[in-house]
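# Remarks on the overall topology
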Amino acid sequence: MNMRLRSKLPIERISPDQFNTIVAPAELIVADLNGPKVLKLPNGNMIKLFRRKRLLSSAMFAPYAVRFVNNAFRLKELGIPTITPVQILHCAELSIHAVEYQPLQGELLRGLLQESGSDDLFARTAQFIAELHKKGVYFRSLHFENVISSQGQLGLIDIADMKIYPGALSASLRKRNFDHFLRYPADAELISRFGRERFESIYTQALG
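Each residue is numbered by its place in its chain's sequence as written, counting from 1. The predicted origin of the model limits local features to residues at a pLDDT of at least 70 and limits the giving and counting of side-chain atom pairs to 80 or more, whereas totals for whole chains, interfaces and linings rest on all residues. Only hydrogens and water are set aside when side-chain values are computed; all heavy atoms of the structure are taken into account.

Quick look at the overall build of the chain now. Of regular secondary structure, the chain possesses seven helices and 11 strands. Against the compact-globule benchmark of 17 Å for 208 residues, the chain has a radius of gyration of 18 Å, which places it among compact chains. Remark: exposure states derive from per-residue accessible area (1.4 Å probe, protein chains only) relative to the maximum for the residue type, with buried under 20%, exposed over 50%, and partly exposed in between. Residue burial in the chain is summarised as follows: out of 208 residues, 46% are buried. Contacts spanning at least 24 positions in sequence make up 64% of the contacts within the chain whose residues lie at least 6 apart. Each helix corresponds to a stretch of at least 4 residues labelled H or I by DSSP, and each strand to a stretch of at least 2 residues labelled E; elements are numbered beginning at the N terminus. Note that the radius of gyration is over C-alpha atoms, with the globule rule given as 2.2 Å times the number of residues to the power 0.38. Working rule for contacts: check all heavy atoms of both residues, and any pair within 4.5 Å makes them a contact.

With that out of the way, let us pick up the side chain of lysine 48. On the secondary structure map, lysine 48 appears in strand S4 (residues 46-51). With relative accessibility at 9%, the residue lysine 48 sits in the buried group. Each residue touching lysine 48, except ones within four places of it in the same chain, is listed here: Lys37, Val38, Phe68, His97, Ala98, Val99, Tyr101 and Asp158.

All right, on to the pattern of salt bridges then. Salt bridge, as used here, is a side-chain nitrogen of Lys or Arg placed within 4 Å of a carboxyl oxygen of Asp or Glu. By the definition in use, this model includes 10 salt bridges. Put simply, aspartate 187 and arginine 110 hold a salt bridge, and the shortest N to O gap is 2.8 Å. Taken together, the positions of aspartate 187 in helix H6 (residues 185-194) and arginine 110 in helix H3 (residues 109-116) put the pair 77 residues apart, joining distant regions of the chain. The class of aspartate 187 is buried, set by a relative accessible area of 0%.

Our focus in this paragraph is the sheet that holds strand S10 (residues 153-156). The strand order across the open sheet built from three strands is S7-S9-S10, with neighbouring strands paired in antiparallel fashion. Two strands lie at the open edges of the sheet, namely strand S7 (107-108) and S10, each paired on one side alone. Lying on the sheet, helix H4 (residues 119-134) is in contact with strand S9 (147-150) and S10; it crosses S10 at an angle near 50°. The criterion for strand pairing is that DSSP finds at least two bridges linking the strands in question. Structural elements are reduced to axes, namely lines fitted to C-alpha atoms, with helices fitted over the stretch in contact, and the angle between N-to-C directions of any two is expressed from 0 to 180 degrees.

The next thing to look at is the packing of aromatic side chains. Ring pairs shown here join Phe, Tyr and Trp side chains whose ring centres sit within 6.5 Å, with only the six-membered ring taken for Trp; geometry is labelled stacked below 30 degrees between planes, edge-to-face above 60, and tilted in between. Counted according to the given criterion, the structure contains nine aromatic pairs. Measuring from centroid to centroid gives 6.3 Å for phenylalanine 194 and phenylalanine 199, while their planes differ by 90°, and the two rings are edge-to-face. According to the relative accessible area criterion, phenylalanine 199 is buried, its value standing at 1%. Placement of a charge over a ring requires the Lys NZ or Arg CZ to be within 6 Å of the ring centre, with the centre-to-atom vector within 35 degrees of the ring normal. One cation-aromatic arrangement involves arginine 67 over tyrosine 64; the distance from NZ or CZ to the ring centre is 4.0 Å.

Attention now goes to helix H2 (residues 64-77). A rise of 1.5 Å per residue sets the reference length of H2, with its 14 residues, at 20 Å; its end C-alpha atoms lie 20 Å apart and thus fit the reference within 8%. Within the span of H2, buried status applies to Ala65, Val66, Arg67, Phe68, Val69, Asn70, Asn71, Ala72 and Leu75. At the exit of H2 stands glycine 79, carrying a positive phi of roughly 80°. A helix is expected to span 1.5 Å multiplied by its residue count minus one.

This brings us to the packing of H3 against H4. The axes of two packed helices give the description: the angle between them and the distance between them. At a minimum axis separation of 9 Å, H3 and H4 run at an interaxial angle of 150°. One element, H3, and the other, H4, form an angle in the roughly antiparallel class. Between H3 and H4 lies a crossing of left-handed hand. Here H3 contributes Leu109, Leu112, Leu113 and Ser116 to the contact with H4, which in turn contributes Leu121, Phe122 and Thr125. In terms of residue class, the contact of H3 with H4 is built from five nonpolar, two polar and no charged. Angles below 35 degrees are treated as roughly parallel, those above 145 as roughly antiparallel, those between 65 and 115 as roughly perpendicular, and all remaining angles as oblique. We call a crossing left-handed when the near helix sits turned anticlockwise from the far one by less than a right angle, and right-handed when that turn is clockwise. Throughout this entry, Asp, Glu, Lys and Arg are counted as charged residues, while Ala, Val, Leu, Ile, Met, Phe, Trp, Tyr, Cys and Pro are counted as nonpolar. The remaining residues, Gly among them, count as polar.

The structure is reproduced here in C-alpha cells:
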C-alpha cells in the first residue's frame, strides 16, 4: 500500500546547481542553525525551505513541503485566507524541498494588538480561533505571529504543522489549541491586558 501523502501540486525534481541558481538572487528573511528557512525572490514571491533532518522520519512519506501546500489549498476551500502555493521543488542531493508561494499580504496580528489594543480586534481574534475550531483546523503553531490581518480578515501563515479534521474539533483539542498561544509570553500578556475571561467568553459564544 502506498503510504505517501499525495501533493496537490506536482513536485519538480531539480539539481543542486538549479537550486542554487533559484535561491542565489533571493533575499534572506528567516534562518536557523541549519541555514536559510525563508527567502524572498525578486518577483515578490517567497521560498520556504524544508530539510529532512533524519534519514528515517515521517517526512519520507509526507514531506512538510507537501503538508504546507495541501494545508494551504484546504484552508482556501474552507474560506480561510492564507498563502497561495506556486510550485514545489525537490533537490534530493541536498535533502531539501522548497515551496514557492505568494505571501498573504497584511500585518502580523501580534504587532497590531500591541500597537492598537483595540477591543474590536481582540474580539475578532477570539472569533477567528473559534471559526478555525468549528471548521476542524488544529493549528499546532497557533500564535499571534502566525496570524495576519489582511483586508479586514484574519488569515494564517507558516501552516505546515497543522491537521484539518472533517468536522469540528473535540473539546479536548479545542482546549489544547486554545491554551497553546498562552504559552507565548507576548500573547499571554496581550490576552491578560484585554481580559482572559472576556476573551474566552467571546470565543465560547462564537462556537455557538
